Amino acid sequence: MRILIIICLSLITYSVNAQVKLLTLDNLDKRIAKGKDTTYVINFWATWCSPCVAELPDFEKLRLANLKKPVKVLLVSLDFKSKLQKEVIPFVQKNNIKAEVFLLNEPDQQKYIERIDKKWSGAIPATLFVNKKVRRFYEKEFTEIELSNTLLTLK
Amino acid sequence: MKNLFLIGFILISSHVFAQTQGYQVGDVVRDFTLKNVDNKTVSLADYKDAKGYIVVFTCNTCPVAKAYQDRVSALNASYESKGYPVVAINPNDAGTVPDESFEKMQALAKEKNFSFPYLSDPNHIVTKQFGALKTPHVFILSKTEKGNIVEYIGAIDNDAEDENPDKINYVQNALNELSAGKKPVIASTKAVGCSIKWKKG
């Protein structure tokens, strides 16, 4: 019986983990403002972007290494909204992604790309390191070491 | 003397900066010679009667570029006869992504029946000159007395999924405006695309 409960519980947590919420940039700004001293490492990716998929494990390592620090890794998918159920959620489940995953819910690329960073061409992968004081945007692929160094030297 | 060094340094760094930036709207484009999928070389100067060019950085593998393949073909079908041919350039390195090889480009051009050149830029030279950063990435040029001038940089339209009947066709609009002797109302746009797969090392 106890085992059954554990299985049920783990199934519930698993399905909670596999949630992918829709996110607007207003949502994101509010989250950053409420985050006090938290630094957010926000990776813009898509299931169809192979270099993005390749660097996801490095973001997981960064998340695990900073569990006790005020650091949050947010994975923001730029997949089409129509692919949320068919592609994005199954991808997150299959790859057992533990970080918070969102799907960007912004209709106008002309507006949201510039709002995230004026210099961003729109190419992914791209990553934003942001807290209340600092905002650094990188249109590039990261290695594991580059990720932790960028976080450490963020000023 | 120190000042001279400083000025030299500033000049060098601004030069490096300018190089990574690539062309902006209004800049004159340097002509290039790249190998087409038919093994012949193509330069902009080959098009004696062109009024301009639709230079499209695209590739074999990027899902966004693939979603736009038919729309790129349609652009050539509509605008080549009006003096604006499509010139497609693959900016990706085949060493980094094997499916971007010249042979795979040839296969794609054959399969999709490309009516326009599909050029390989194996050392990213032209890609860096233009400052293309992703696929697809479009540069519309117009031929003038000063040379080929960049008139538009950005996306083909604002609907990669091609599902919105009210989508804005940026490239078509810009071409129609140029054909009418006007400057494009919207001269630059942004869109999500695949990063360029640069040569490693």
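Residues numbered from 1 in each chain as written. Chains lettered and ligands numbered in written order. Predicted model: local features only at pLDDT ≥ 70, side-chain atom pairs only at ≥ 80, totals over all residues. Heavy atoms only, no water.

A.B. asks: It is not clear to me how the overall build of chain A should be interpreted in this structure. Could you clarify?
C.D. replies: The number of helices and strands found in chain A is six helices and seven strands. Ordering the α and β elements of chain A from the N terminus gives α-β-α-β-α-β-α-β-α-β-β-β-α. Considering chain A as a whole, with its 155 residues, one finds that 45% of them fall into the buried category. Sequence-distant contacts in chain A: of pairs separated by 6 or more residues, those separated by 24 or more amount to 68%. Looking at chain A as shown, the accessible area adds up to about 8900 Å², and 58% of this sits on carbon and sulfur atoms. (Helix = DSSP H or I, 4+ residues; strand = E, 2+ residues; numbered from the N terminus. Buried < 20%, exposed > 50% of the residue type's maximum accessible area, 1.4 Å probe, protein only. Contact = heavy atoms within 4.5 Å. Areas by Shrake-Rupley, 256 points an atom, 1.4 Å probe, with all protein chains shown as cover.)

A.B. asks: Could you clarify how one ought to interpret the sheet that holds strand β4 (residues 52–57) of chain B in this entry?
C.D. replies: Through backbone hydrogen bonds, the strands of a sheet pair up, either in parallel or in antiparallel fashion. Residues and elements named next belong to chain B. The strand order across the open sheet formed by eight strands is β1-β9-β8-β4-β5-β6-β2-β3, and the pairing between neighbours is mixed. Two strands in the sheet have a free side with no partner beyond their single neighbour: β1 (28–29) and β3 (41–43). With two bridges connecting them, β1 and strand β9 (residues 147–154) associate as antiparallel partners. Across the sheet, residue V28 finds its bridge partner in β9, namely I149. Those strands touched by helix α3 (residues 102–111) are β2 (33–36), β5 (86–90) and β6 (118–120), and its axis lies near 180 degrees from that of β6. Packed on one face of the sheet, helix α5 (residues 170–179) meets β4, β8 (137–144) and β9 and runs near 5 degrees to β8. (Pairing = 2+ DSSP bridges. Axes fitted to C-alpha atoms, helices over the stretch in contact; angles between N-to-C directions.)

A.B. asks: Looking at this structure, how should I read the environment of N173 of chain B?
C.D. replies: Locating N173 of chain B in the fold gives a position in helix α5. Between the C-alpha atom of N173 of chain B and that of V185 of chain B, which follows or precedes it by 12 residues, the distance is 8.3 Å.

A.B. asks: I would appreciate a short explanation of the interface of chain A and chain B in the present structure.
C.D. replies: In many reports, interface size means the accessible area that the parts give up when they come together. Listed by partner, the interface residues are 21 residues for chain A and 15 residues for chain B. Interface area, chain A with chain B, both sides summed: about 1500 Å², of which 58% is carbon and sulfur. Joining chain A to chain B, the criterion identifies one salt bridge. E114 of chain A is paired through a salt bridge with K190 of chain B; the nearest N and O atoms lie 3.5 Å apart. Linking chain A with chain B are 11 residue pairs in polar contact (both at pLDDT 80 or more). Broken down by secondary-structure element, the contributors of at least two residues to the side of chain A that touches chain B are α5 (109–116) and β5 (123–124) of chain A. It is α5 of chain A that contributes the most residues to the side of chain A that touches chain B, five residues altogether. In terms of residue class, the side of chain A that touches chain B is built from 10 nonpolar, five polar and six charged. Both β5 of chain A and strand β10 (residues 193–195) of chain B contribute to a ladder of two bridges, which runs parallel. Counted as the bridge partner of A123 of chain A is G193 of chain B from β10 of chain B. (Buried area = accessible area lost by both parts, 1.4 Å probe. Salt bridge = Lys/Arg side-chain N within 4 Å of Asp/Glu carboxyl O. Polar contact = N/O pair within 3.5 Å; in protein donor to acceptor, adjacent residues only side chain to side chain. Nonpolar A, V, L, I, M, F, W, Y, C, P; charged D, E, K, R; others polar.)

A.B. asks: Which parts of the structure should I look at to understand α5 of chain A?
C.D. replies: Note: α-helices contain 3.6 residues per turn, so residues at a spacing of three or four share the same orientation. All names here are of chain A. Here α5 has its buried residues at Y112, I113 and I116. Axial view of α5: buried residues confined to an arc of 100 degrees, hence all on one face. Buried residues in α5 make contact with α2 (25–34), β2 (39–45), β4 (100–104) and β7 (135–138). With a side-chain oxygen lying 2.9 Å from the backbone nitrogen of Q110, the N-terminal cap of α5 falls on D108. (Arc of directions from axis to C-beta.)

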